[in-house]
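Here is how the chains run, residue by residue.
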Amino acid sequence: MSLGSRALRPPDGFRHAPIRRGDAAYEAARHVWNGCHDRRPEWILPCASAGEVAAAVLFAREIVLPLAVRGGGHSFPGYGTCDGGVVADLGPLARIEVDAAGRRARVGGGATWGALDSATAPHALAVPGGLVSTTGVGGLTLGGGIGWLSRAYGLTCDQMIGAEVVLADGRRVWTDESEEPDLLWALRGGGGNFGVVTRFDFRLRPLPAGGEVLGGMVLHPATAAGRVLRRLAELADTLPEQASTLAAFVSVPPLPSLPASLHFTPVLALALCDIGEADEAEARVRPLRELAAPLADLVRRQPYVELQRMFDAGAPAGLRQYGLGANLAALTEGAIDLLSEHAAQRPTPLCQIHLHQLGGAVARVEEAATAYAGRDAGWVVHWIATWTDPADDERARDWAREARAQLSSLAAGRTYVNFLGESGPDAVHRAYGEAKHDRLRALKGRYDPGNLFRINANIPPAG
Ligand SMILES: Cc1cc2nc3c(=O)[nH]c(=O)nc-3n(C[C@H](O)[C@H](O)[C@H](O)COP(=O)(O)OP(=O)(O)OC[C@H]3O[C@@H](n4cnc5c(N)ncnc54)[C@H](O)[C@@H]3O)c2cc1C
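Let me sum up the structure you'll find in this document. From a predicted model like this one, the values you see are computed outputs, not experimental measurements.

1. Remarks on the site of the ligand
Close to the ligand lie 34 residues, the nearest being Val 69, Gly 71, Gly 73, Ile 146 and Tyr 416. Within the backbone of Leu 131, a nitrogen or oxygen atom sits 2.8 Å from an oxygen atom of the ligand. A distance of 2.7 Å separates a nitrogen atom of the ligand from a polar backbone atom of Ile 146. When the free accessible area of the ligand is taken as 940 Å², the share hidden by the protein chains comes to 95%. Of all the secondary structure elements, the ones that give two or more residues to the shell around the ligand are strand 3 (67–70), helix 5 (137–143) and strand 10 (196–203). Tallying contributions element by element places helix 5 first for the shell around the ligand, with four residues. When the residues that make up the shell around the ligand are grouped by side-chain class, the tally is 16 nonpolar, 17 polar and one charged.

Spelled out as structure tokens, the structure:
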């Protein structure tokens, strides 16, 4: 075989056949969650082992094409795909091993939260993760990871105690607190910049006996949102860390799980979860259920894995999406008024605004201890523009951009990188802040000096 022809094809030995334009499997394989990113890579390489990931990395280098690494494919900016390049699809790398006694889980770099939660729940254990089961463990963890258990146990990246990584030169390294500790620091919030994580080792955290939590949503009329959020802001500071809230401006989707009389109604949904034992959780959560007269109270004791699927039907793949985020130190009157105005101006009923409550264990970790920036934020806002007609692209994106800009004077300096959207290098710089960005650049220079891993919230290598 000549060098030229070898260079055009991936090496033999992939367990799942490499997929190329024109192959029957290509159309299904090229799509990611966000329907805006209708891209056509040259090759999609499903990777089932660290060795195959290394082969994919070296292949992309050899043929000098861009490399996208796909975990769950749920990045809003479509970082799990690219035009004309190589996609290393980690989908088959999804093995999960649970060591319940040792409270540790080993998780393949392409696993989803649904699979991980299902594997740990029978032991009444969980890795604090995200809120939608189809999301990838990989991208969510490497950016930080916010969910129901964050206030009690910290971010997802705080649970990562070690990782196996394929570097840009194809080497496989292990990182933990004693081996390559700088790499672990960078992976805890620095995104996919430093290599491909083929295995995450996570600390497992306890759920109540039987794995059941108190959770669900209380739906309030959108017109009452200001009042509800003011009362929430008053209560939030004293809320014990076992309880967590997420307020969402949405139009009730027409789902069988939601009251038919409320379908399509604009509401403020106060979603919550409490991981205390039954009586104690009921008492703690009662004031949150009585902030105002609700349209419906759907809070009940349920398996944690079920709660983790509560938002799935509301986040189907294939719609057009654009997300932007901002951190808030506190939920002030000014922020509440602005968010209520933004909700009233949503360009389509599918658009949402989420307000995640943080604090607790997230804020107790030293800011400098991980690459994740902005641990002091009490709240994280996420404007999610969702629409179906490409003719609405600019109108929908502009709504999120203008909303983000209007709140900027009230926002904290840092932004959660997984909610950064399609922002350029300046926004990434600001998201981390000067000192952290400098350290990340130096580590990028050490681990990926040629910036092979650049389809992400990119950190340019120093040096
Ligand atoms: C429906 C939905 C719900 C969400 N809910 C939450 C939530 O509750 N909490 C929260 O914090 N965030 C949430 N997010 C944001 C989410 O964290 C990011 O979109 C994240 O990037 C998704 O990861 P992924 O692996 O699915 O995405 P991908 O598009 O596959 O990857 C995203 C980025 O991570 C990199 N990457 C992925 N896996 C690896 C790996 N193993 N090694 C190296 N790099 C990798 C990719 O190269 C890419 O740059 C949500 C997003 C969506 C779409």
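2. Section: the sheet that holds strand 9 (residues 172–176)
Strands in a sheet are paired, the pairing made by backbone hydrogen bonds, and the direction either parallel or antiparallel. Pairing is antiparallel in the open sheet, where five strands are placed in the order 5-6-10-8-9. Each edge of the sheet is formed by a strand with only one pairing partner; in this case those strands are strand 5 (96–99) and strand 9. The sheet shows a mean angle of 10 degrees between the axes of neighbouring strands, taken without regard to direction. Contacts between helix 3 (residues 50–62) and the sheet are confined to strand 8 (160–166), strand 9 and strand 10, with strand 8 contributing the most and set at about 50 degrees to the helix. Where helix 4 (residues 113–120) meets the sheet, its contacts fall on strand 5, strand 6 (104–108) and strand 10, and the angle it forms with strand 5 comes to roughly 30 degrees.

3. Some words on the pairing of strand 10
Counted residue by residue, strand 10 has six buried out of eight residues, so it is predominantly covered. Both strand 6 and strand 10 contribute to a ladder of five bridges, which runs antiparallel. Within strand 10, the position partnered with Gly 108 by the bridge is Arg 199. Bridge count between strand 8 and strand 10: six bridges; the pairing is antiparallel. Counterpart to Val 166 in the pairing with strand 10 is Val 196.

4. Things to note about the pairing of strand 18 (residues 352–357)
Burial runs high along strand 18: five of the six residues are buried. Bridge count between strand 13 (residues 243–251) and strand 18: four bridges; the pairing is antiparallel. When the bridges of strand 18 are listed, Leu 246 appears paired with His 356. Where strand 18 lies against strand 19 (residues 379–387), six bridges are found, and the strand directions are antiparallel. Paired with Gln 357 across the strands is Trp 379, a residue of strand 19.

5. Details of the nonpolar core
Within the largest apolar cluster, 47 residues are counted, with the highest numbers of intra-cluster contacts made by Leu 355 and Trp 383. Looking at which element gives the most residues to this core, the answer is helix 9 (residues 225–236), with six residues. Excluding residues that lie within four positions of it along the chain, Leu 355 makes contacts with Leu 229, Thr 245, Leu 246, Ala 247, Leu 328, Leu 331, Leu 339, Trp 379, Val 380 and Val 381. Counting residues in hydrophobic clusters, the runner-up holds 37 residues, among them Ala 163, Leu 167, Val 173 and Leu 183.

The rules behind the values
- Residues numbered from 1 in each chain as written.
- Predicted model: local features only at pLDDT ≥ 70, side-chain atom pairs only at ≥ 80, totals over all residues.
- Heavy atoms only, no water.
- Near = heavy atom within 4 Å.
- Polar contact = N/O pair within 3.5 Å; in protein donor to acceptor, adjacent residues only side chain to side chain.
- Areas by Shrake-Rupley, 256 points an atom, 1.4 Å probe, with all protein chains shown as cover.
- Helix = DSSP H or I, 4+ residues; strand = E, 2+ residues; numbered from the N terminus.
- Nonpolar A, V, L, I, M, F, W, Y, C, P; charged D, E, K, R; others polar.
- Pairing = 2+ DSSP bridges.
- Axes fitted to C-alpha atoms, helices over the stretch in contact; angles between N-to-C directions.
- Contact = heavy atoms within 4.5 Å.
- Buried < 20%, exposed > 50% of the residue type's maximum accessible area, 1.4 Å probe, protein only.
- Core = buried A, V, L, I, M, F, W, Y, C linked by side-chain atoms within 4.5 Å.

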